[in-house]
Amino acid sequence: MPHVSFRRLRRTLATLALTAASVAATVPALAQQQVLNLYSARHYQTDERLYADFTKTTGIRINRVDADDAGILARLKAEGSASPADVILLVDAARLWRAEQDGLFQPVRSAVLEQRIPAQFRGADTGQGSQWFGFSTRARVLVYDPTRVKPTDIDSYEKLAAPAMKGLICSRSGSHPYNLSLFASVIEHLGAEQAEAWLKGVAANLARDPKGGDTDQIRAVAAGECGVAITNSYYYARLMRSTNPADKAVVDRTRVMFPNQSSWGTHVNISGGAVARHAKNRDAAVKFLEYLASDSAQRYLADGNNEYPTVPGVQTENPALAALGRFKSETVPIAKVGANTPQVQMMLDRVGFK
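Scoring rules and cut-offs
- Residues numbered from 1 in each chain as written.
- Predicted model: local features only at pLDDT ≥ 70, side-chain atom pairs only at ≥ 80, totals over all residues.
- Heavy atoms only, no water.
- Helix = DSSP H or I, 4+ residues; strand = E, 2+ residues; numbered from the N terminus.
- Buried < 20%, exposed > 50% of the residue type's maximum accessible area, 1.4 Å probe, protein only.
- Contact = heavy atoms within 4.5 Å.
- Areas by Shrake-Rupley, 256 points an atom, 1.4 Å probe, with all protein chains shown as cover.
- Lys, Arg positive; Asp, Glu negative; His and termini not counted.
- Charge placed at Lys NZ, Arg CZ, Asp CG, Glu CD.
- Core = buried A, V, L, I, M, F, W, Y, C linked by side-chain atoms within 4.5 Å.
- Disulfide = S-S within 2.5 Å.
- Salt bridge = Lys/Arg side-chain N within 4 Å of Asp/Glu carboxyl O.

Visitor: Looking at this model, I keep getting lost on the overall build of the protein chain. Mind explaining?
Guide: Of the regular secondary structure elements, the protein chain holds 14 helices and ten strands. Seen through its principal axes, the protein chain has C-alpha atoms that stretch 100 × 50 × 35 Å. Taken over 354 residues, the protein chain has a buried fraction of 50%. In the protein chain, once contacts between residues fewer than 6 apart in sequence are set aside, the share between residues at least 24 apart is 77%. A total accessible area of about 16,300 Å² is found for the protein chain, and carbon and sulfur atoms account for 53% of it. Counting 42 positive and 34 negative side-chain charges, the protein chain places the centres of these two groups 7 Å from one another.

So, in structure tokens, the structure goes:
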């Protein structure tokens, strides 16, 4: 048996003891690390900085599942009370309203959220707090070809139904949530009967059957396929910031109109968040929603994905948004817009707006 000195043995035992103590201290720390399970319909790479900043600020790690709005809602229903989801991020008021009606969210009472997010961009408060909150907005604008359409021809949504627009309009599906929300807001302004007559006129003025996404509609205007397109503002801002010569050419050939500046204002939709009904990490979920209302997170949303902050007074450095300029937005509560969307879908079916 080899000889081992008492001094060396003592040093070895001391090292082992320190190592064991270190491991013992680390295991509880790892076990206690907070985790947030996020189901997100936001497919924007720029949001990665947003999530990383939240973890750096709070120490809460994010596990994220990405899907579209419809996929997330279907998954939540299928999972039921076993769902691991803590926070849900959706990109449309109609889907937020539907999820609330389906009992997929829970109310949140937060002084931070109530102070920073205007009531227009929150779900209705029934006494226990709102069930969802809007953290960014996108305007539903009109992109047009100035060689074919005059600004005065399209300075209101109502004029899209005028006979002069026959064969000039491009749009994605009328049943897409972005359009459902716009059409639902028109009901608030014109009433159901006039809104349906307006939808019939718009459908009759389409240059082609609805197809593709918003960017496809913008490109169709630049290509001469139509004279005006209905689109979200951030799609156009994205093209404005692109270094691709083809995108620059599209911007050069087109212009943007913010409708109804002399009346009720341009329609805005939201990207919003909620705490899942069966959230296992509710405190972390509320912290995340409050973080999204912070100045830094609001700037990430605006500068990264060309959206407008919902928190008043937040200063951004987005050159495209600065170039598009300030505009008057409508003040209809987003919750009312969401509630009108089932009625809109029936109208679309009746007037043949695919």
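Visitor: What am I meant to see in the nonpolar core here?
Guide: The tendency in soluble globular proteins is for nonpolar side chains to be buried side by side. The biggest cluster of nonpolar side chains holds 70 residues, and the ones touching the most others in it are Leu36, Ile88, Leu90, Phe105, Phe135 and Phe288. Top contributing element to this core by residue count: helix α11 (residues 282–292), with seven residues. Grouped together as the second largest cluster of nonpolar side chains are 32 residues, Tyr157, Ala195, Val228 and Val337 included.

Visitor: What is the right way to read the state of the cysteines from this model?
Guide: Two cysteines joined by a covalent bond between their sulfur atoms form a disulfide. This model, assessed by the stated rule, comprises one disulfide. Covalently, Cys170 is tied to Cys226 through a disulfide, its sulfur atoms 2.2 Å apart. Sign of the S-S torsion, about -115° for the bond between Cys170 and Cys226, identifies this disulfide as left-handed. Residue Cys170 is found in strand β6 (residues 169–170), and its partner Cys226 is found in the loop between α8 (214–222) and β7 (228–232); the two are separated by 56 residues along the sequence. Across this residue pair, the class does not change: Cys170 and Cys226 are buried.

Visitor: Explain the pattern of salt bridges here, please?
Guide: Close approach of charged atoms lets side chains of opposite charge pair. Applying the stated criterion across every chain yields a total of 18 salt bridges. Of the charged contacts in the structure, one is a salt bridge between Glu307 and Arg42, with a shortest N-O distance of 2.8 Å. On the criterion of sequence distance, the pair formed by Glu307 in the loop between α12 (295–305) and β10 (308–309) and Arg42 in the loop between β1 (35–40) and α2 (47–58) is long-range, its members being 265 residues apart. Each member of the pair, Glu307 together with Arg42, is buried.

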